[in-house]
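Geometric and topological summary
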Amino acid sequence: MNMQNTPTRNPSLAVMAQLIFWSRWLQAPLYLGLIVAQGVYVFLFLKELIHLVADANTFTETQIMLMVLGLIDVVMIANLLIMVIIGGYETFVSRLNLKEHPDQPQWLSHVNATTMKIKLAMALIGISSIHLLKTFINAEQMDNDTIYWQVVIHLTFIVSAIAMAITDYIMNKSIAFAHEQEI
């Protein structure tokens, strides 16, 4: 006699569970939209690069530095988009099955929702740092309130990232402690 260890399920609950599980695919168009947004950033990058190269002899060193920082900013935003697109899709929608692919990003092998949040926070701090550096280089053109609020926002990003990292550390310690108590 073959007995199943799993209790029988109400068919309505099984359908609802399948629907809930399937709903993760509703995020796929969002990730496709972010790919389109990344294409817009590629276009912006190329447009600014062509402008920099074509008119380099008319710019001051400070103007060139500000334009290069703008290019770095676009690259950092594109990196952020890649982390969200690849990491988010892998975490919340479906596996990419890239285990043997030679170009698989190294960080993807240990990505989860918490590490994604911390990586995104660090990327935002990097982007904010570039904006703040551009502001400081161009400080004579900026009013003090703008500089003040950019510093406050940047510090808020830093404090938020530290708080997330501490929360993650505490959660991991709590899980490890609970696991040790079970053994």
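Because the structure is a prediction, the values reported are computed rather than measured.

Rules and cut-offs
- Residues numbered from 1 in each chain as written.
- Predicted model: local features only at pLDDT ≥ 70, side-chain atom pairs only at ≥ 80, totals over all residues.
- Heavy atoms only, no water.
- Salt bridge = Lys/Arg side-chain N within 4 Å of Asp/Glu carboxyl O.
- Buried < 20%, exposed > 50% of the residue type's maximum accessible area, 1.4 Å probe, protein only.
- Axes fitted to C-alpha atoms, helices over the stretch in contact; angles between N-to-C directions.
- Helix = DSSP H or I, 4+ residues; strand = E, 2+ residues; numbered from the N terminus.
- Parallel < 35°, antiparallel > 145°, perpendicular 65-115°, else oblique.
- Phe/Tyr/Trp six-rings, centres within 6.5 Å; stacked < 30°, edge-to-face > 60°.
- Lys NZ or Arg CZ within 6 Å of the ring centre and 35° of its normal.

**With respect to the pattern of salt bridges**
- Evaluated as defined, the whole model comprises 1 salt bridge.
- Residue glutamate 90 pairs with arginine 95 through a salt bridge whose shortest N-O separation is 3.9 Å.
- You can call glutamate 90 buried: its relative accessible area is 18%.

**Digging into the packing of helix α3 (residues 61-93) against helix α4 (residues 113-137)**
- Axis separation between α3 and α4 bottoms out at 10 Å; the angle between their running directions is 170°. Of the possible angle classes, the one that applies to α3 and α4 is roughly antiparallel.

**What about the packing of aromatic side chains?**
- Going through the model one piece at a time under the given rule, you end up with 3 aromatic pairs.
- When the ring of tryptophan 25 is compared with that of tyrosine 89, the centres are 6.2 Å apart and the planes differ by 75°; the resulting orientation is edge-to-face. Of the two residues, tryptophan 25 sits in the loop between α1 (11-22) and α2 (28-54) while tyrosine 89 sits in helix α3, which places them 64 residues apart along the sequence.
- Residue class for tryptophan 25 comes out partly exposed when judged on its relative accessible area of 33%.
- With centroids separated by 6.2 Å and ring planes inclined at 85°, the aromatic side chains of tyrosine 31 and tyrosine 89 adopt a geometry described as edge-to-face. A residue pair is termed long-range when its members are at least 10 positions apart, and tyrosine 31 in helix α2 and tyrosine 89 in helix α3 qualify at 58 residues.
- Note that arginine 24 overlies the ring of phenylalanine 21, its terminal NZ or CZ placed 3.9 Å from the centroid.

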